[in-house]
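Descriptive structure summary
Residue strings, one per chain:
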Amino acid sequence: WILIVAAFELQRLRSDQARATLSFLLSSAPLPVLSDWHAAYAAWLLALLVDIPGREWTRICDSILDSRGQYWLCLELADLGNTAAATRRLACLKDRGAELDCILHIVTNANSSISDGLLDASMQAAEAITDDREMAVAFSKVALLAAKLKSDTSPPLFAKAIQLADRLLGRDRDIALREIV
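Residues numbered from 1 in each chain as written. Predicted model: local features only at pLDDT ≥ 70, side-chain atom pairs only at ≥ 80, totals over all residues. Heavy atoms only, no water.

1. Here's the deal with the overall build of the chain
As a reminder, the rule being used: Helix and strand labels come from DSSP, where a helix needs a run of H or I of at least four residues and a strand needs a run of E of at least two; each type is numbered from the N terminus. Type-normalised accessible area, obtained with a 1.4 Å probe on protein chains alone, sets the label of each residue: buried when under 20%, exposed when over 50%, and partly exposed for intermediate values. Whether two residues are in contact is decided by their heavy atoms, any of which lying within 4.5 Å being enough. Here the Shrake-Rupley method, with its probe set to 1.4 Å, supplies the accessible areas, and only the displayed protein chains count as covering residues.
Secondary structure assignment for the chain yields 11 helices and zero strands. Of the regular secondary structure in the chain, the N- to C-terminal order runs α-α-α-α-α-α-α-α-α-α-α. Every one of the 181 residues in the chain was classed for burial, and the buried ones make up 42%. In the chain, of all internal contacts separated by at least 6 residues, the share reaching a separation of at least 24 is 60%. In the form shown here, the chain has an accessible surface area of approximately 9,900 Å², with 53% of it arising from carbon and sulfur atoms.

Rendered as structure tokens:
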């Protein structure tokens, strides 16, 4: 938490002393990786610090946030309208489902036009999911994204989601179809 306070000082003062303190804290010892509610609050605070000068912000995020914290950071950045920073943080996500959720959140909260690169990234994330039910739901989300971007790929993506759901049996099939529609 002292590291985050030092980052706020750097953002506020933009002084060499604040930068030196932050650099010292980043290099002095292995930093604890935050998880659970600690990571959620740290992600919220770090989203407010995205504009501190230099690479310190990235170093802090990479050092103290676990994968779930990285996910929350991406969501917070999108909520604040910082599409560029949220998109850059996608590379830190290890879970393809979380990556897809963040992409959809970025697009939902974006005030400007979104590149087709995010659509491609979301399709890759959906294809990398190994669970068939989750993949079917992911493709329905990608189809919604394609529709938002006014892409002509939306109907085939919905068809693929339904086709994947049809491969499932029993309750899993019912759950997947319910989540798709």
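2. Some remarks on the packing of aromatic side chains
For clarity, the threshold we go by: Each aromatic pair joins two rings of Phe, Tyr and Trp (for Trp, the six-membered one) with centres within 6.5 Å, and gets the label stacked for planes under 30 degrees apart, edge-to-face for over 60, and tilted for any other angle.
Considering all chains together, one arrives at one aromatic pair under this definition. Ring centres of W37 and Y41 lie 5.8 Å apart, and the angle between their planes is 80°; this geometry places the pair in the edge-to-face category. Of the two residues, W37 and Y41 both sit in helix α3 (residues 36–48), four residues apart, roughly one turn of that helix.

3. Structural notes on the pattern of salt bridges
We count it as follows: By definition here, a salt bridge exists when the distance from a side-chain nitrogen of Lys or Arg to a carboxyl oxygen of Asp or Glu is within 4 Å.
As enumerated under the stated definition, the model contains one salt bridge in all. Salt-bridge contacts for R89 lead to D62; the nearest nitrogen and oxygen are separated by 2.7 Å. Linking R89 in helix α6 (residues 83–89) with D62 in helix α4 (residues 56–64), this pair joins segments that are 27 residues apart in sequence. Since its relative accessible area comes to 4%, R89 is described here as buried.

4. Side note on the packing of α4 against helix α5 (residues 67–79)
What counts here: Lines are fitted to the C-alpha atoms to define the axes, a helix being fitted only along its stretch in contact, and any angle between axes, read from their N-to-C directions, falls within 0 to 180 degrees. Roughly parallel means an angle under 35 degrees; roughly antiparallel, over 145; roughly perpendicular, 65 to 115; everything else is oblique. Handedness of each helix crossing follows the sense of rotation of the near helix against the far helix: counterclockwise by less than a right angle gives left-handed, clockwise gives right-handed. Here the term charged refers only to Asp, Glu, Lys and Arg, the term nonpolar to Ala, Val, Leu, Ile, Met, Phe, Trp, Tyr, Cys and Pro, and the term polar to all other amino acids, Gly among them.
In contact at an axis separation of 10 Å, α4 and α5 are set at 140° when each is read in the N-to-C sense. The orientation of α4 with respect to α5, classified from their angle, is oblique. In terms of crossing hand, the pair formed by α4 and α5 is right-handed. Contacts between α4 and α5 pair W57, C61 and D62 from the former with Q70, L73 and L77 from the latter. Residues belonging to the contact of α4 with α5 are distributed by class as follows: four nonpolar, one polar and one charged.

5. Thoughts on the packing of helix α2 (residues 16–28) against α4
At a closest axis distance of 11 Å, the pairing of α2 and α4 adopts a crossing angle of 30°. Judged by the inter-axis angle, α2 sits roughly parallel to α4. Once α2 is placed against α4, the crossing between them reads as left-handed. Contacts from R19, L22, S23, L26 and S27 in α2 reach E56, R59, I60 and S63 in α4. Looking at the contact of α2 with α4 residue by residue, the class counts come to three nonpolar, three polar and three charged.

6. Looking at the environment of G81
Residue placement: G81 occurs in the loop between α5 and α6. When its relative accessible area of 37% is taken as the criterion, G81 is described as partly exposed. Along the primary structure G81 and I106 are separated by 25 residues, whereas in three dimensions their C-alpha atoms are 8.2 Å apart.

7. Things to note about unusual backbone geometry
Its identity as a non-glycine residue notwithstanding, D36 has a phi of 55°, on the positive side. Within the secondary structure layout, D36 lies in helix α3.

So, to be careful, I would describe these as geometric facts and stop short of saying anything about function.
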